Each structure stands twice: as structure tokens, then as C-alpha cells.
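Single-letter residue listing:
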Amino acid sequence: MTAPEYLSELFSLRGRTAVVTGGSSGIGRAIALALGRAGAAVVVLARREAELAATVAELEGHGCRAAAVSADLSARDAVRRAADQAAEPFGEPDILVNSAGINLRPPLPELGEDVWDATMAVNLDAPYLLGQRFGPGMAARGFGRIIHVSSQQAFRAFVDSGAYGVSKAGLTALARSQAEAWSPHGVTCNTLVPGFVMTPLNRRLSSDPERVAALAARTMTGRNGLPGDFAGAAVFLASDASAYVTGQALFVDGGLSSH
Ligand SMILES: NC(=O)c1ccc[n+]([C@@H]2O[C@H](COP(=O)([O-])OP(=O)(O)OC[C@H]3O[C@@H](n4cnc5c(N)ncnc54)[C@H](OP(=O)(O)O)[C@@H]3O)[C@@H](O)[C@H]2O)c1
């Protein structure tokens, strides 16, 4: 077996179908591109149509099969409808990536029920509902990969973690519960844990050069994260190579969490 054949056996996603929420921006977009370039047919799911179309065009430019579903994941009925729509272009997914997320950051004493509910709806309820929709089918077919994009704030407070950190801690536990339920049937369920990544989500912090430099200094690599840093880890967790990795949190944070 040649080296490319061996790498392909471990990591190729050819013949797989992936649904990536938040696949139109930042980390989700980088993951969608990585999964597509590794061979998967990819459906990206978010609200803004122009951003979705640009991601599909980029995937197609790489010769990938790609489609988009525009939907708001903050309402349960809309999530259910979006899940059905996401299974239309290429069939039921083998890989589900939950990257859509919001971080509203009011200090906890000022955090009202509206922010709490909005945060939980997108960051935790939608991943739960999508897991319930796609997990059983993955288990019945004997292969599946569920990857949640969590946060260092699942494990510690950081710049008004508020409801956001709670939602991400919930995702960590959700991955464990899903792993317990479905891993006996070939479905692995894990989280990717970013540190501080330069994306639109962090526009306020990332436009302050002093804060950016201070955060970079807290890592071991000396820089903040970029969306492309998640490509390799996502392909690994989506591939056959990670068949014995489940219920885990994989920190992709330049060493921030261990510094
Ligand atoms: N950047 C960081 O430092 C960092 C650190 C830790 C964890 N994370 C996590 O990484 C994930 C991706 O964030 P990012 O940094 O890549 O941010 P981003 O570039 O702002 O991407 C967020 C994505 O979520 C989608 N989204 C937001 N609300 C939605 C809704 N109601 N319905 C459907 N889609 C929705 C957005 O698309 P639309 O707006 O078009 O809907 C967009 O595609 C998030 O879960 C975030 O919590 C990020």
C-alpha cells in the first residue's frame, strides 16, 4: 500500500455525507471546507444566504459536492424543518458538526432570561435536537460521527462567560451522553474545544490589538487560533481513524488550557 493509499484508508471521507451548522462562517466554514476537501458531500446550515452561497461556491471550486440550507436554529420547529431539508440533497448524514453558536456576553448580574433562552436555544438545544434527529439513523447504519464545537468556557470563566459557558459545558456532557447511547453502534461523539479564535464571533475582542496580544501570550504557541487550525482535527474526528475516540473533548487551543 502506498503512503497516499494508507492516508486515504485512515482519513478519507469519500462516500460520506456531512451536515455542518454554522458552516458559513469562521470555524464551521473551515470545517465544512476541510470535510469537503477530504471527500465528503457537505451541507452547510446557517441563516445568511449570501455567506452560505459563498461557502458552497468555494467547496464546489475544490470539486466538492455541496449544498446549503438557510434556517434559524433558535426555534425548535425551525431546527426540525432544517434537519429534514439538510438530508435532502445527499441523504441522511454520516457526519454532524454543530458549530453554529452565539456569544452575547452581558455580565452575569445583567443577564436576563431573553439572553439565557436565546443562548441555550442555538448553542445547546439545536445540537441536542439535531443529534436526536440524526443519531439513531447513524447507529442503525453502523457508522456516525457527531462533533460539537464547544469552548474553553465549558471548563472555566472567561470574559463574561454568562450563559455561554453554561451552554458549552452542556455540550460537553451532551457529547458524553450521545457517546454512551450510540458508540456501541459505531457512532462516535466528541467535542472540539477552541481557545480564542479570530472570527466574527469575537469581533469586539479581536479588534483590540492589546487584548489580542495579551491573549496570544497566554497560549503556548504564542498566537491566537485561526479557523484553519480546526481542519485537521475535524477530519480526524470525522474519519475512520477516530473509531476508538468517543466522549472526548479535543482541545485545539495552542496550549491555552494547559498553560
Ligand atoms: N471564535 C472563538 O474564539 C470561539 C471560541 C470558542 C468556541 N467558539 C465556538 O465556535 C463556533 C463557531 O463560532 P465562530 O467563532 O466560527 O463564529 P462565527 O464566525 O460568528 O460563526 C457562527 C456561525 O453560526 C451561525 N449561526 C449563529 N446563530 C445562528 C442561528 N440562530 N441559526 C443558524 N445559524 C446560526 C452563523 O451564521 P448566520 O449568522 O448566518 O446564521 C455562523 O455561520 C461557535 O459555536 C462558538 O461558540 C468560538
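This is a predicted model, so every value here is computed, not measured. (Residues numbered from 1 in each chain as written. Predicted model: local features only at pLDDT ≥ 70, side-chain atom pairs only at ≥ 80, totals over all residues.)

A. Just the overall build of the chain, in detail. A tally of helices and strands in the chain yields nine helices and seven strands. At 17 Å, the chain has a C-alpha radius of gyration in line with the 18 Å of a compact globule built from 259 residues. Its C-alpha atoms put the chain at 50 × 45 × 40 Å along the principal axes. Counting only residues that meet the buried cut, the chain has 45% of its 259 residues in that class. If you take every contact in the chain between residues at least 6 apart in sequence, the share linking residues at least 24 apart comes to 72%. (Helix = DSSP H or I, 4+ residues; strand = E, 2+ residues; numbered from the N terminus. Rg over C-alpha atoms; globule rule 2.2 N^0.38 Å. Buried ≥ 20, exposed ≤ 12 C-beta atoms within 10 Å, placed from the backbone. Contact = placed C-beta atoms within 7 Å.)

B. Spotlight on the site of the ligand. Taken together, 28 residues surround the ligand, and among them Gly22, Gly26, Arg47, Gly101 and Leu201 come closest. The biggest single contributor to the shell around the ligand is helix H2 (residues 26–37), with three residues. The residue makeup of the shell around the ligand, split by class, is twelve nonpolar, twelve polar and four charged. (Near = placed C-beta within 6 Å. Nonpolar A, V, L, I, M, F, W, Y, C, P; charged D, E, K, R; others polar.)

C. Just unusual backbone geometry, in detail. The residue Val159 is not glycine, and still its phi comes out positive at about 45°. Topologically, Val159 is positioned in the loop between strand S5 (144–149) and helix H6 (162–182). Taking the C-beta count within 10 Å as the criterion, Val159 has 17 such neighbours and is therefore assigned partly exposed. Although it is not a glycine, Asp160 adopts a positive phi angle of roughly 55°. Structurally, the position occupied by Asp160 is in the loop between S5 and H6.

D. Structural detail: the sheet that holds strand S7 (residues 249–252). Strand order in the open sheet made by the seven strands is S3-S2-S1-S4-S5-S6-S7, with parallel pairing throughout. The open sheet has two free edges, formed respectively by strand S3 (66–70) and S7, since each of these has just one partner strand. If you compare each strand with its neighbour and ignore which way they point, the axes differ by 20° on average. Sheet topology places strand S4 (residues 95–98) next to S5; four bridges connect them, and they run parallel. In the sheet register, Leu96 faces S5, and the bridge partner there is Ile146. The strands touched by helix H3 (residues 49–61) within the sheet are strand S2 (41–46) and S3, with S3 carrying the most contacts at an inclination of about 170°. Helix-sheet contacts for helix H5 (residues 113–141) involve strand S1 (17–21), S4, S5 and strand S6 (187–194), and the interaxial angle to S5 is about 165°. (Pairing = 2+ DSSP bridges. Axes fitted to C-alpha atoms, helices over the stretch in contact; angles between N-to-C directions.)

E. Highlighting the environment of Ser258. Structurally, Ser258 is set in the segment after S7. For the pair Ser258 and Thr219, spaced 39 residues apart in sequence, the C-alpha to C-alpha distance is 8.4 Å.

F. Representation of the UniProt feature "domain: Ketoreductase" (unreviewed entry) in the chain within the structure. Here, UniProt's "domain: Ketoreductase" (unreviewed entry) annotation points to residues 16–185. Structurally, residues 16–185 is divided into 51% helix and 15% strand, and its ends, taken at the C-alpha atoms, are 17 Å apart. (UniProt positions renumbered as here; feature names shortened; annotations may be inferred.)

G. Structural detail: the packing of H5 against H6. At their nearest, the axes of H5 and H6 sit 9 Å apart, and the two run at 15° to each other. By the angle between their directions, the pair H5 and H6 is classed as roughly parallel. At the point where H5 passes H6, the crossing takes the right-handed sense. For the pair formed by H5 and H6, the contact residues are Val115, Trp116, Thr119, Met120, Asn123, Leu124, Pro127, Tyr128, Gly131, Gly135, Met138 and Ala139 on the first element and Ala163, Tyr164, Ser167, Lys168, Gly170, Leu171, Leu174, Gln178 and Trp182 on the second. Split by residue class, the contact of H5 with H6 holds 13 nonpolar, seven polar and one charged. (Parallel < 35°, antiparallel > 145°, perpendicular 65-115°, else oblique. Left-handed = near helix turned anticlockwise from the far one by under 90°.)

H. The packing of H2 against helix H9 (residues 231–238), seen in detail. Across the interface, H2 lies against H9 with an axial gap of 9 Å and an inter-helix angle of 55°. In terms of orientation, H2 lies oblique with respect to H9. When you trace H2 past H9, the crossing you get is right-handed. Judged by residue contacts, Ala30, Ile31, Ala34 and Leu35 of H2 engage Ala231, Ala234, Val235 and Ala238 from H9. Grouping the amino acids of the contact of H2 with H9 by side-chain chemistry returns eight nonpolar, no polar and no charged.

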